[in-house]
Amino acid sequence: MTIGELHVPVLLTETLDALRPHAGGRYLDATVGLGGHAEALLIESAPAGHLYGIDRDAETLVLAKDRLRQFGDRVELFQGDFAMLGAIATENGWGSFDGILFDLGFSSFQLDDASRGFSFMRDGPLDMRMDRQGSGMSAADLLARLSERELTRILQDYSEERWARRIAARIVQDRQTQPLNSTAQLARLVASAVPRRAWPRRIHVATRTFQALRIAVNDELARLIRGLQDAIELLATGGRICIISFHSLEDRIVKETLRGWARSDPPRVHLLTKRPVVPTEREIEVNFRARSAKLRAAERC
């Protein structure tokens, strides 16, 4: 299940097919994570391919650096936010790339670490920040400060939660007697707010609430729009961009952005995927968390 004794990179074969790494190519992994895709790109672009990687999460970046150490000066990793991709590229004099990758998923390392607060499967603090060294508000901060109306909007806009109003009302009611600080506490609250007959069959009843809060805490959708806008400017003619998303809001932004580039006059890209590429049944069997992944790609005109 692992490469380099770490996590399973999602849609790895399909990503390599889309980016077509070659010897001597220059590649950017805008979400390097634990380095699974980056490792494969470096192997496929040997002996002289070069990879630049950035990640907002300093904790996973430490592991990625260790994993990719074997490639020496062929790889350069930086802590940074892909929403600031243009500024980072200018500051470091990167120039253009033959391939750019965005993998918008969270690693098992992040999800399984209870102290990060991303999952309700293990009890932990309601943090959810990608960069815990930064100054942004945690999920607990949002739940304590936002109004019922603002909480409802987040749940509706970021997860299309049918029971957003009831969940938001319960949050506001419960926080008057005790703060919401733990993942298990929030999961129980959501379960009590949603009628038992309305619980989804395939996912936990709190899944959408956790997704919405994580998106809000990390400003994920606005960051994605800014990151894509910078990425197209860094892509060389004939270069390829590949984006792997994990929920419908992300995929909608990616689809509309790529189509907008393809329909501009003159067109900025040629679409390589008219429909998203999804994992095979075999991959889902091996890595169930890959089930919602969608890959879209385009080539710079």
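Before reading further, recall that the structure is shown in the block above.
Residues numbered from 1 in each chain as written. Predicted model: local features only at pLDDT ≥ 70, side-chain atom pairs only at ≥ 80, totals over all residues. Heavy atoms only, no water.

A.B. asks: So what exactly am I meant to see when it comes to the packing of aromatic side chains here?
C.D. replies: The relative placement of two aromatic rings is captured by the distance of their centres and the angle of their planes. This model, assessed by the stated rule, comprises six aromatic pairs. Arranged with centres 5.3 Å apart and planes meeting at 80°, the rings of F82 and F102 form a pair that is edge-to-face. Placement of the pair is F82 in the loop between β3 (75-79) and α4 (85-92) and F102 in strand β4 (residues 97-103), with a sequence separation of 20 residues. Given a relative accessible area of 7%, F82 falls into the buried group. Given a relative accessible area of 0%, F102 falls into the buried group. Centre to centre, the rings of W94 and F97 are 6.0 Å apart; their planes meet at 80°, and the pair counts as edge-to-face. For the pair W94 and F97, one class covers both residues: buried. An aromatic cluster is built from Y52, F78, W94 and F97, whose rings are joined through pairwise contacts. (Phe/Tyr/Trp six-rings, centres within 6.5 Å; stacked < 30°, edge-to-face > 60°. Helix = DSSP H or I, 4+ residues; strand = E, 2+ residues; numbered from the N terminus. Buried < 20%, exposed > 50% of the residue type's maximum accessible area, 1.4 Å probe, protein only.)

A.B. asks: Please clarify how the sheet that holds strand β6 (residues 269-271) should be interpreted in this entry.
C.D. replies: In a beta sheet, neighbouring strands are held together by backbone hydrogen bonds and run either parallel or antiparallel to one another. Pairing in this open sheet of seven strands is mixed, and the strands run β3-β2-β1-β4-β5-β7-β6 from one edge to the other. Lying at the two open borders of the sheet, with one neighbouring strand each, are β3 and β6. Across the sheet, the mean angle separating the axes of adjacent strands is 15° when strand polarity is ignored. In this structure, β6 lies alongside strand β7 (residues 294-300), joined through three bridges in antiparallel fashion. In the strand pairing of β7, V269 is matched with R300. (Pairing = 2+ DSSP bridges. Axes fitted to C-alpha atoms, helices over the stretch in contact; angles between N-to-C directions.)

A.B. asks: What should I look at first to understand the nonpolar core in this one?
C.D. replies: In a soluble, globular protein the nonpolar side chains are often hidden away together inside. Grouped together as the largest cluster of nonpolar side chains are 65 residues, with contacts concentrated most on W94, I100, F102, L126, I167, L228 and I241. Discounting chain neighbours no more than four positions away, the residues touching F102 are A30, T31, F82, L85, G227, L228, A231, I241, C242, I243 and I244. Counting 27 residues, the second-largest nonpolar core is a separate cluster that includes A18, Y27, L51 and A290. (Core = buried A, V, L, I, M, F, W, Y, C linked by side-chain atoms within 4.5 Å. Contact = heavy atoms within 4.5 Å.)

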